[in-house]
Amino acid sequence: MSKVAYTMGQEPETLQALLQRTVADCASYLVPYLKCDFRLLDVGCGPGSISCDFANILSHGSVIGIDQSPEAVAVAKKTAFERGIGNISFQTADVTRLPFEDATFDVVHAHQVLIHIPTDLVPLALKEIKRVMKPGGVVGFRDGIWDSWAIYPGEMKWWVEMTGRVMDTAGSDRNAGMKLHAWVREAGFQVVLKSSSCVFRADQEPRKAMAALITTGSSQGKKAMEFGFCGEEELHKAYEAWKKWADHEDGWMSFMCGEVVGRM
């Protein structure tokens, strides 16, 4: 996977914020298709919180989490150790060159991964995923629809558009979530589920975590400056606006995600 395309970055603050992700919040659509003895590959596992949840569900199976970032893999290993989970392992790997034999996994999962892959590499990534799946296996993908962001109060529409332009420039599809089912079908899978859900933040602690991810952890602002979309002063004002939003008792945000389950 191209490191240029992953605009969120792998800073410690980013990985810490992403540790809040769970299967319940991010991958509940896939759970009905799992069996306790399945072997699952979690692509783009990040700090490993979702992977660990899957390992608990697959009590007689196993999970391998992969990420292009050694920093993320190190955090994921620490997460699994601290949670006392034994049927899981993590390694650094590229989804376009998976280091596994054919027909290895019953399930391949990826959360917010395809939205960060350059669109010309998506078919290759799906081909590799298909190669390592067992006959009859299932894939589950969930990705954002960037243009669906809604936030109150504060005029942050320009921020959403600017960060969308960062993804465009990096070569990925900012609205990948609405195209997942088409990509999966074109890759030769049978689409068995098309659905959507939203990322929603309204309570104070989730708002503060979201603002911290954007203002201290994400590389998107730095990339926006690098690409010439904003200056340092403008970026500082944006960060201050996010902090004010997080502290506002009526702060509210949401954006849509597409979900798909495909079968071999």
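These numbers come from a predicted model, not from an experiment.

Enquirer: Just to check I follow, could you spell out helix 5 (residues 122–131) for this structure?
Expert: Structurally, the α-helix is built with 3.6 residues per turn, so residues lying three or four positions apart point the same way. Among all positions in helix 5, only Val 122, Ala 125, Leu 126, Glu 128 and Ile 129 are buried. Taken end-on, helix 5 shows its buried residues confined to a sector of 160°, consistent with a single buried face. Seen from the buried face of helix 5, the exposed residues on the opposite side, beyond 90 degrees, are Pro 123 and Lys 127. In this structure, the buried residues of helix 5 make contact with strand 4 (105–111), strand 5 (133–144) and helix 7 (180–186).

Enquirer: Honestly, the pairing of strand 8 (residues 252–263) in this entry has me stumped. Any pointers?
Expert: Note on strand geometry: in a regular strand, side chains alternate between the two faces of the sheet. For strand 8, a buried count of 9 out of 12 residues is recorded, marking the element as mostly surrounded by other parts of the structure. Bridge analysis of strand 5 against strand 8 gives 7 bridges, and the strand direction is antiparallel. Following the sheet pairing, Gly 140 is matched in strand 8 by Val 261. Relative to strand 8, strand 6 (residues 150–152) runs antiparallel, the two sharing 3 bridges. Its bridge partner being in strand 8, Ile 151 is matched across the sheet by Met 253.

Enquirer: Looking at this structure, I do not really get the packing of aromatic side chains. What am I missing?
Expert: In total, this model carries 11 aromatic pairs according to the counting rule given. For the pair Trp 146 and Phe 255, a centre-to-centre distance of 6.2 Å together with 50° between the ring planes defines the contact as tilted. In this pair, Trp 146 sits in the loop between strand 5 and strand 6 while Phe 255 sits in strand 8, placing the two residues 109 residues apart along the sequence. Side by side, Trp 146 and Phe 255 carry an identical accessibility label, which is buried. Taken together, the ring pairs in this structure connect Trp 146, Trp 149, Trp 158, Trp 159, Tyr 239, Trp 242, Trp 245 and Phe 255 into an aromatic cluster. The positively charged end of Lys 130 is found above the aromatic ring belonging to Phe 189, 5.7 Å away from the centroid. Positioned above the aromatic ring of Phe 229 is the side chain of Arg 165, whose terminal nitrogen or guanidinium carbon lies 3.9 Å from the ring centre.

Cut-offs applied
- Residues numbered from 1 in each chain as written.
- Predicted model: local features only at pLDDT ≥ 70, side-chain atom pairs only at ≥ 80, totals over all residues.
- Heavy atoms only, no water.
- Buried < 20%, exposed > 50% of the residue type's maximum accessible area, 1.4 Å probe, protein only.
- Helix = DSSP H or I, 4+ residues; strand = E, 2+ residues; numbered from the N terminus.
- Arc of directions from axis to C-beta.
- Contact = heavy atoms within 4.5 Å.
- Pairing = 2+ DSSP bridges.
- Phe/Tyr/Trp six-rings, centres within 6.5 Å; stacked < 30°, edge-to-face > 60°.
- Lys NZ or Arg CZ within 6 Å of the ring centre and 35° of its normal.

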